[in-house]
2 protein chains.
Amino acid sequence: MSEEHEGRSVRLGDRVPDLAGLQLLLAVARLGSLGGAARELGISQPAASGRIRSMERRLGLALVDRSPRGSRLTDSGALVTDWARRIVEAAEAFDAGAEALRGRRDSRLRVAASLTVAEYLLPGWLIALRRGRPDTAVSLQAGNSTMVAERLLAHEADLGFVEGPAVPPGLGAAVVAQDRLVVVVGAGHPWAKRRRPVPAAELATTGLILREEGSGTRQVLDAALAPHGGLAPPLLELASTTAVKAAVVSGAGPSVLSELAVGEELAAHRLVKVPVEGVRLRRDLRAVWPTGHRPTGPARDLLSLTRRPPGPGGAAQSSGPREA
Amino acid sequence: MSEEHEGRSVRLGDRVPDLAGLQLLLAVARLGSLGGAARELGISQPAASGRIRSMERRLGLALVDRSPRGSRLTDSGALVTDWARRIVEAAEAFDAGAEALRGRRDSRLRVAASLTVAEYLLPGWLIALRRGRPDTAVSLQAGNSTMVAERLLAHEADLGFVEGPAVPPGLGAAVVAQDRLVVVVGAGHPWAKRRRPVPAAELATTGLILREEGSGTRQVLDAALAPHGGLAPPLLELASTTAVKAAVVSGAGPSVLSELAVGEELAAHRLVKVPVEGVRLRRDLRAVWPTGHRPTGPARDLLSLTRRPPGPGGAAQSSGPREA
DNA sequence: ATGAGGGCATAAGCTGGGCTGATGAGTGAG
DNA sequence: CTCACTCATCAGCCCAGCTTATGCCCTCAT
C-alpha cells in the first residue's frame, strides 16, 4: 500500500495566471473593457492588454472578445472567470487573515480565537467586517481555550472565540456556530454505499484514521463514544488534518472530521459522509468576552456578523447572547 | 441606496504571495526543510530560502522557524499555510478545468457538460481523475442540455452532464448529484431570524432578487411556484449570479440560489439560509450517454467518481445507473 | 575529537517578464 | 468630420527572482 504519494503534482504557477492577472480578468468581466479594468487596477491600458493576451497564450484559450467598443468574455472565458473567482476569494480570505495576524497589539479590535475558528470562519467574517467598516484594524491571536481566556481577562483581547463543551470561568458567551463532526470514508469504501446509519457501538469498535491525541476533534469524539465503550485503537495516527483527509480519500479507512474541513471534498464526492446514530458529534463554537464587559464598538460589529440563526432543535442555549 | 460598490478593494497581488510561493510554503510544511522543498519544486535551495524570506517580509509575519537541522512552521505559519492551501486547491481546480477546456477534440475522454456542472463540480472530479488515472486527457465542452445531447448523439462527446427535470430523448441517464436551491437573505434581513419556515405562498408573493429570465435556476423556481400562483415580479434582475449574491449580502432582499453557489457564503454567515415549506426546490444533475452506449473506459472511470450515495428519500430514481 | 553531511544564509551576476509612454487604427455618436 | 472611445503595437527600461559558489552551524558517526 503506497499511500505516501502526497507529492504535489506540477508547478501550478506555470499554468495558472498570477493573482493580479486573475483580478484583471474579473475586472474585465465586470466592466466590459480592458482599458476600464486597467484604470481600476491602476495600470496602463497596454499592460492590461498584454497581460490578458499572455494569459490567453499560456492557457491556450481565447478568454476575451475584443471589439472596438469594448470587450466581452468568450464562453470559455466566462467559465475560466468563474474558476478564477474562487481563487481570488480564497486569496482575499488569506489576505484578511494575514493582515489580522500581523495586526499590532494596539489595533482597535483584538481577537483571540481557537484554531478551528481562526482557520475556517474568521477570515470570512473579517472580509465582511472590512466591507462594512473598512477602517477597523483587527489583530488576531490564535490559541487554545485557556489562552483565549487569559487574553480576555488580562484585557489584551476584546473578543474571543472558543470551541468545546465548556465556557472558561469568568467569561460570557454566545454560540455563534456549531462544528459538526462527520464520519467520512473514501468513495470506494464499503460504508460509502451504506444507507442505514452506523450505530455508535459499531463506530466505537472500528479502527479510524485520526489525528494524534490532543486534537480538539479527537477529544470530542472520545467524549461522545465514552458511553459506548470508548474509542477503538486508531487504524492510523497522523499529524495533520490534511494528511488524515488524504489517507481517507485514498481509501485507507474511515475517519471523523469537522464538517468545516471536508466541505469541499464532500461536494466533489471525493469523500462520502456516513450517517451515524446514537451519538451526538458536534461541538459548539462560542464567542466569549469577560463577564460584564458586553462587547461594544468594533467587537460588537464583529459579533453581529457571526450571529447565526438558531439551529433547529438547538433550544438549549439562549437565543440571544447571554451572560454566563 | 448605493449598492453598486462592487469595486475590488486593493490589488491582492501586492500582499498575497504568488502561487509558486504558496506551493513552496506547503512543501516546506510537508517536508520540514527548505532545501527539500526546493528539490521537490525543482529550484535551488537559495531560491527557496529567498522566496520564503520575501514572503515573510511582505506579510510581516515569521512563517518558518529555521534551524540547522530543518525548518518548521511557526504558529502564524501554520495558520497562513492552512489559508494558503485553500488558494492552491482553488488553483488546482482552475488548472484542471482550463486543461479540459483547452483539450483537443481527440482527447481520450470528451465531456459535454451543463454550466452548473462545469462550473462547480467537474473541476473537482477532474482532479480526482487525474490522481487515479494521471494520463487521461479530458476535453470539456460546456453548453445547455440541447447542446450536450447533440454532441453525444453525434459521437462528438463520450459523456455528458445535464441539469433540469427532463432527460433529452435518446439518452441514458443516472443522477449524480442534486442541486438544491435555497432561499437566502443577508444577515440583517428580517427573515434571517425566522424560525418557522416560509410557506410557499408567501415566497411566491415576495419580490426576489433574481437573474434574468432564462437562467436555469429561475426556471426551476418558476415551475416550483407555479401551483402557488407563480413568481411575483422580481425586486431586482441582475445579469450574473455573482451580482445577485452581492446584492443579497448587502441586504437588498431575498433570493433563491443554488446551494453550490452559496456554500462559502453560508459557512461564513454572510448569507443566511431561510427554511421554506410546501415547495420542492431542487433539480437533478444527471450524467447522460447515448442509449445503449453504456460508458466504458475513461468515461466509466469519471462516472464512477461522480456516483453519490443515494440521498435519503430519493427513491424515485433507480439506485444504479439505468437506461432511460 | 574530528570529519562528513545536511541545513541554511549570503553574495554576485544574469535574464526576462511586465511595466510605461507614445503612437496608430477601427468604430460609432454627434 | 471630428471627437471620444476602444484596442494593438513598439521601444525601452527596470527589478524580482533565478543560479552558482561559498561559508557557517549543528549533529552524528567514526
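This one's a predicted model, so the numbers in the text were calculated from it and none came from an experiment.

Cut-offs applied
- Residues numbered from 1 in each chain as written.
- Chains lettered and ligands numbered in written order.
- Predicted model: local features only at pLDDT ≥ 70, side-chain atom pairs only at ≥ 80, totals over all residues.
- Heavy atoms only, no water.
- Helix = DSSP H or I, 4+ residues; strand = E, 2+ residues; numbered from the N terminus.
- Areas by Shrake-Rupley, 256 points an atom, 1.4 Å probe, with all protein chains shown as cover.
- Lys, Arg positive; Asp, Glu negative; His and termini not counted.
- Charge placed at Lys NZ, Arg CZ, Asp CG, Glu CD.
- Near = heavy atom within 4 Å.
- Polar contact = N/O pair within 3.5 Å; in protein donor to acceptor, adjacent residues only side chain to side chain.
- Contact = heavy atoms within 4.5 Å.
- Buried area = accessible area lost by both parts, 1.4 Å probe.
- Salt bridge = Lys/Arg side-chain N within 4 Å of Asp/Glu carboxyl O.
- Nonpolar A, V, L, I, M, F, W, Y, C, P; charged D, E, K, R; others polar.
- UniProt positions renumbered as here; feature names shortened; annotations may be inferred.
- Least-squares fit on C-alpha atoms with pLDDT ≥ 70 in both.
- Axes fitted to C-alpha atoms, helices over the stretch in contact; angles between N-to-C directions.
- Parallel < 35°, antiparallel > 145°, perpendicular 65-115°, else oblique.
- Left-handed = near helix turned anticlockwise from the far one by under 90°.
- Core = buried A, V, L, I, M, F, W, Y, C linked by side-chain atoms within 4.5 Å.
- Buried < 20%, exposed > 50% of the residue type's maximum accessible area, 1.4 Å probe, protein only.
- Phe/Tyr/Trp six-rings, centres within 6.5 Å; stacked < 30°, edge-to-face > 60°.
- 1 Å grid on protein atoms, 1.4 Å probe; cavity = no way out; pocket = protein on both sides within 12 Å on 5 of 7 lines; lining within 4 Å.
- Points joined across faces, edges and corners; volume = space filled by probe spheres on them.

K.L.:
Residue-level account of the overall build of chain A, with values.
P.N.:
Helix and strand counts for chain A stand at 11 helices and 13 strands. Considering only C-alpha atoms, chain A reaches an extent of 70 × 55 × 35 Å along its principal axes. Here chain A displays about 14600 Å² of accessible surface, and carbon together with sulfur accounts for 50% of that area. With 42 positive and 34 negative side-chain charges, chain A shows a separation of 5 Å between the mean positions of the two kinds.

K.L.:
Just give me the short version of the protein's contact with DNA strand C, but keep the residues and values in it.
P.N.:
Close to DNA strand C lie 21 residues, the nearest being Ser 44 and Arg 51 of chain A together with Ser 49, Arg 66 and Ser 71 of chain B. Per the 4 Å cut-off to the protein, sugar and phosphate atoms form 71% of the nearby atoms of DNA strand C. Residue Leu 34 of chain B places a main-chain N or O atom 2.9 Å away from a phosphate oxygen belonging to DNA strand C. The side chain of Ser 71 of chain B places a nitrogen or oxygen atom 2.6 Å from a phosphate oxygen of DNA strand C. Counting only elements with at least two residues in the surface near DNA strand C, the list comes to helix 3 (45-59) of chain A together with helix 2 (34-41), helix 3 (45-59), strand 1 (64-67) and strand 2 (70-73) of chain B. A per-element tally of the surface near DNA strand C places helix 3 of chain B first, with four residues.

K.L.:
Give me the interface of chain A and chain B: which residues, what numbers.
P.N.:
At the junction of the two partners, chain A supplies 72 residues and chain B supplies 73 residues. Surface buried jointly by chain A and chain B totals about 6600 Å² across both partners, of which 62% is contributed by carbon and sulfur atoms. At the junction of chain A with chain B, the criterion picks out four salt bridges. With a closest N to O distance of 2.5 Å, Arg 15 of chain A and Asp 95 of chain B form a salt bridge. Remark: the boundary between chain A and chain B carries 12 residue pairs in polar contact (both at pLDDT 80 or more). Per-element tally for the side of chain A that touches chain B: the top contributor is helix 4 (residues 75-102) of chain A, with 21 residues. The residue makeup of the side of chain A that touches chain B, split by class, is 39 nonpolar, 12 polar and 21 charged.

K.L.:
Explain the UniProt feature "domain: HTH lysR-type" (unreviewed entry) in chain A to me, and be specific about the residues and the numbers.
P.N.:
The sites that carry the UniProt feature "domain: HTH lysR-type" (unreviewed entry) are, in the present numbering, residues 17-74 of chain A. Secondary structure within residues 17-74 of chain A divides into 62% helix and 14% strand; the distance between the first and last C-alpha atoms comes to 17 Å.

K.L.:
Any details on the protein's contact with DNA strand D? Residues and values, ideally.
P.N.:
For DNA strand D, the set of nearby residues contains 20 residues, the closest of which are Leu 34, Ser 49 and Arg 66 of chain A together with Ser 44 and Arg 51 of chain B. Note that a phosphate oxygen of DNA strand D is positioned 3.0 Å from one of the side-chain N or O atoms of Arg 53 of chain A. Note that a phosphate oxygen of DNA strand D is positioned 2.7 Å from one of the side-chain N or O atoms of Ser 44 of chain B. Counting residues per element, the ones that place at least two in the surface near DNA strand D are helix 2 (34-41), helix 3, strand 1 (64-67) and strand 2 (70-73) of chain A together with helix 3 of chain B. In terms of residue count, the dominant contributor to the surface near DNA strand D is helix 3 of chain A (four residues). Class assignment of the residues belonging to the surface near DNA strand D gives a composition of seven nonpolar, eight polar and five charged.

K.L.:
Provide a residue-level description of the relation of the copies chain A and chain B, including the pertinent values.
P.N.:
Each copy of the sequence occupies a distinct position, and chain A is placed on chain B by a rotation of 180° and an axial shift of 0.0 Å, giving an RMSD of 0.1 Å. With respect to symmetry, the two chain copies, as superposed, fit the operation of a two-fold axis. The rotation axis passes nearest to the C-alpha of Ile 87 of chain A in chain A, at a distance of 2.8 Å.

K.L.:
Describe in detail the packing of helix 1 (residues 19-31) of chain A against helix 4 of chain A, supporting the description with residues and values.
P.N.:
Residue and element names in this part refer to chain A. The interhelical angle for the contact between helix 1 and helix 4, taken along N-to-C directions, is 125°, at an axis separation of 9 Å. Relative to helix 4, the element helix 1 lies oblique. Remark: the crossing between helix 1 and helix 4 carries left-handed chirality. In this structure, helix 1 contributes Leu 19, Leu 22, Gln 23, Leu 25, Leu 26 and Ala 29 to the contact, and helix 4 contributes Val 80, Thr 81, Ala 84, Arg 85, Ile 87, Val 88 and Ala 91.

K.L.:
Account for the nonpolar core, with residues named and values stated.
P.N.:
In terms of nonpolar packing, the biggest core is built from 140 residues, with Phe 94, Leu 140 and Phe 161 of chain A together with Phe 94, Leu 140 and Phe 161 of chain B touching the most fellow members. Aside from chain neighbours lying at most four places away, what touches Leu 140 of chain B is Leu 79 and Trp 83 of chain A together with Ala 100, Leu 101, Val 111, Ala 113, Ala 118 and Leu 122 of chain B.

K.L.:
Summarise the side chain of Arg 283 of chain B; cite the residues concerned and give the values.
P.N.:
All names here are of chain B. Along the chain, Arg 283 falls in strand 13 (residues 282-290). Judged by relative accessible area, which is 6%, Arg 283 ranks as buried. Here the side chain of Arg 283 touches Glu 163 through a polar contact of 3.1 Å, side chain to side chain. In contact with Arg 283, other than residues within four places in its own chain, are Thr 116, Glu 163, Gly 164, Ala 177, Gln 178, Asp 179, Gly 216, Thr 217 and Val 220.

K.L.:
Can you explain the environment of Arg 282 of chain A? Please cite residues and give values.
P.N.:
Residue and element names in this part refer to chain A. Inspection of the secondary structure assignment puts Arg 282 in strand 13 (residues 282-290). On a C-alpha basis, the gap between Arg 282 and Gln 178 in space is 6.7 Å, while along the polypeptide they are 104 residues apart. Setting aside residues no more than four positions away along its own chain, Arg 282 makes contact with Gln 178, Asp 179, Arg 180, Leu 181 and Val 220.

K.L.:
Quick one: what's the story with helix 11 (residues 297-306) of chain A, residue by residue and with numbers?
P.N.:
Listed as buried for helix 11 of chain A are Pro 298, Ala 299, Asp 301, Leu 302, Leu 303 and Thr 306 of chain A. Along its buried surface, helix 11 of chain A packs onto strand 3 (109-113), helix 5 (115-132), strand 5 (159-163), strand 6 (171-186) and strand 13 of chain A.

K.L.:
Lay out the pattern of salt bridges with the relevant residues and their values.
P.N.:
Between side chains of opposite charge, pairing is possible as soon as their charged atoms come close. If you walk through the whole model with that rule in mind, you get 38 salt bridges over all chains. Salt-bridge contacts for Glu 237 of chain A lead to Arg 218 of chain A; the nearest nitrogen and oxygen are separated by 2.6 Å. Placement of the pair is Glu 237 of chain A in strand 9 (residues 236-238) and Arg 218 of chain A in helix 8 (residues 216-225), with a sequence separation of 19 residues. Between Glu 259 of chain A and Lys 273 of chain A there is a salt bridge, with its nearest N and O atoms 3.3 Å apart. Here the residue Glu 259 of chain A occupies a position in helix 10 (residues 259-267), and Lys 273 of chain A occupies one in strand 11 (residues 271-274), the gap between them amounting to 14 residues. What makes Glu 259 of chain A partly exposed here is its relative accessible area of 23%. Among the ionic contacts, a cluster of salt bridges with common partners joins Arg 15 of chain A together with Asp 95, Glu 99 and Arg 130 of chain B.

K.L.:
I'd like a description of the packing of aromatic side chains, backed by residues and values.
P.N.:
All names here are of chain A. Scanning all chains against the criterion turns up two aromatic pairs over all chains. A ring pair is formed by Trp 125 and Phe 161, whose centres lie 5.1 Å apart and whose planes are at 40°; its orientation type is tilted. Linking Trp 125 in helix 5 with Phe 161 in strand 5, this pair joins segments that are 36 residues apart in sequence. Pair check on accessibility: Trp 125 and Phe 161 agree, each one buried.

K.L.:
Explain empty space enclosed by the protein to me, and be specific about the residues and the numbers.
P.N.:
Residue and element names in this part refer to chain A. Under the definition given, this model contains one cavity of 30 Å³ or more. Space inside the largest cavity adds up to approximately 60 Å³. In terms of lining residues, the largest cavity is bounded by Arg 105, Arg 110, Val 111, Ala 112, Ser 139, Gln 141, Arg 151, Glu 156 and Ala 157. Broken down by secondary-structure element, the contributors of at least two residues to the lining of the largest cavity are strand 3 and strand 4 (138-142). By residue number, the principal contributor to the lining of the largest cavity is strand 3, which donates three residues. When the residues that make up the lining of the largest cavity are grouped by side-chain class, the tally is three nonpolar, two polar and four charged.

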